[in-house]
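# Results of the structural survey
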Amino acid sequence: MAEITRWVRFRHQAETGFGQLTSSGISVHTGDMFSDARPSGRMLALHDVELLAPTQPTKIVALWNNFHALAAKLKSPEPPEPLYLLKAPTSVTAPGAVIRRPSTYEGKTTYEGELGIVIGRTCTAVAPEEAEAFIFGYTCTNDITAADILNRDPTFAQWARAKGFDGYGPFGPVIASGLDPASLVVRTILNGVERQNYAIADMIFSAQELVSKISHDMTLLPGDLICCGTSIGIGVMKEAINMVTVAIDGIGELTNEFRQ
């Protein structure tokens, strides 16, 4: 099995950088994370930096109905091809950031813990067996949704608006490379109580199939993020202050606070 490496972006003394997370701290790198990363020899302590979202994606592709268990629970037919929307890149926020319900919305907001695929090379119309070479690694995502907006207008499902508010797309804190996504389990913890616990192996379309199929629709660029969809256990964040953690062993824990 390949060695797992964990990449982070950070801010340190007003400068933004990236590097590998090690047991000793962050090994700062220079160049480009996806094509020409080189260790600088400099180390930073984790507590001395502010972690940022690990990439700045040009697009965020978010899957719907991509798990056998959730499709069965909802009595929805399993799709013959991936069903997805695009989240606004401005929805991205950092691990640990406080997310606030927008002033224009007073309805329910849900969490959706998910696995995220991070693209490492420009990817157009690749075959499933080639897709692995275009995947840089995997991350934790929370596909936050303004649930009451989604179907409020009977003539138009408002996927982009419901999921595209500023701050509604946290992911990170790391991108883990060198692991098998099919072996992973996603857990979501809301205010200390586990709400989701599901296996990535239950996906209708595997990570490699998603990259292949989506790349036939649109070119995927380094740093782009594919949110693989969620499974059973989606729920509303009801408290005035909600602490949400998306945990994936082998990757890490993404924790954010959502305030009404």
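Look a little higher up for the structure.
Residues numbered from 1 in each chain as written. Predicted model: local features only at pLDDT ≥ 70, side-chain atom pairs only at ≥ 80, totals over all residues. Heavy atoms only, no water.

With that settled, the discussion passes to the state of the cysteines. Applying the stated rule across the entire model yields zero disulfides. Here Cys140 is not cross-linked by a disulfide; its sulfur's nearest cysteine counterpart is in Cys227, at 11 Å. The thiol of Cys227 is unpaired, and the distance to the nearest cysteine sulfur, on Cys228, comes to 7.7 Å. Residue Cys227 is classed as buried on the basis of its relative accessible area of 3%. (Disulfide = S-S within 2.5 Å. Buried < 20%, exposed > 50% of the residue type's maximum accessible area, 1.4 Å probe, protein only.)

Here we take up the sheet that holds strand E18 (residues 235-236). Backbone-to-backbone hydrogen bonds pair the strands of a sheet. The strands run either parallel or antiparallel. The strand order across the open sheet formed by three strands is E13-E10-E18, and the pairing between neighbours is antiparallel. Looking at which strands have only one partner, the edges of the open sheet turn out to be strand E13 (145-146) and E18. Where strand E10 (residues 109-111) meets E18, two bridges bridge the pair, whose relative direction is antiparallel. Each bridged residue has a counterpart across the sheet, and for Thr110 the counterpart in E18 is Val236. (Pairing = 2+ DSSP bridges. Helix = DSSP H or I, 4+ residues; strand = E, 2+ residues; numbered from the N terminus.)

With that settled, the discussion passes to empty space enclosed by the protein. For the structure shown, the criterion picks out three cavities of 30 Å³ or more. If you go around the largest cavity, the residues you meet are Leu63, Trp64, Asn65, Leu85, Glu112, Glu114, Asp143, Trp159, Lys163, Gly229, Thr230 and Ile234. Mapped onto the lining of the largest cavity, the elements with two or more residues apiece are strand E6 (60-64) and helix H3 (159-163). For the lining of the largest cavity, the per-class residue count stands at five nonpolar, three polar and four charged. The space that makes up the second largest cavity amounts to roughly 40 Å³. If you trace the second largest cavity, you find it lined by Ile60, Lys87, Ser91, Thr141, Asn142, Asp143, Gly169, Pro170, Phe171, Leu225 and Cys227. (1 Å grid on protein atoms, 1.4 Å probe; cavity = no way out; pocket = protein on both sides within 12 Å on 5 of 7 lines; lining within 4 Å. Points joined across faces, edges and corners; volume = space filled by probe spheres on them. Nonpolar A, V, L, I, M, F, W, Y, C, P; charged D, E, K, R; others polar.)

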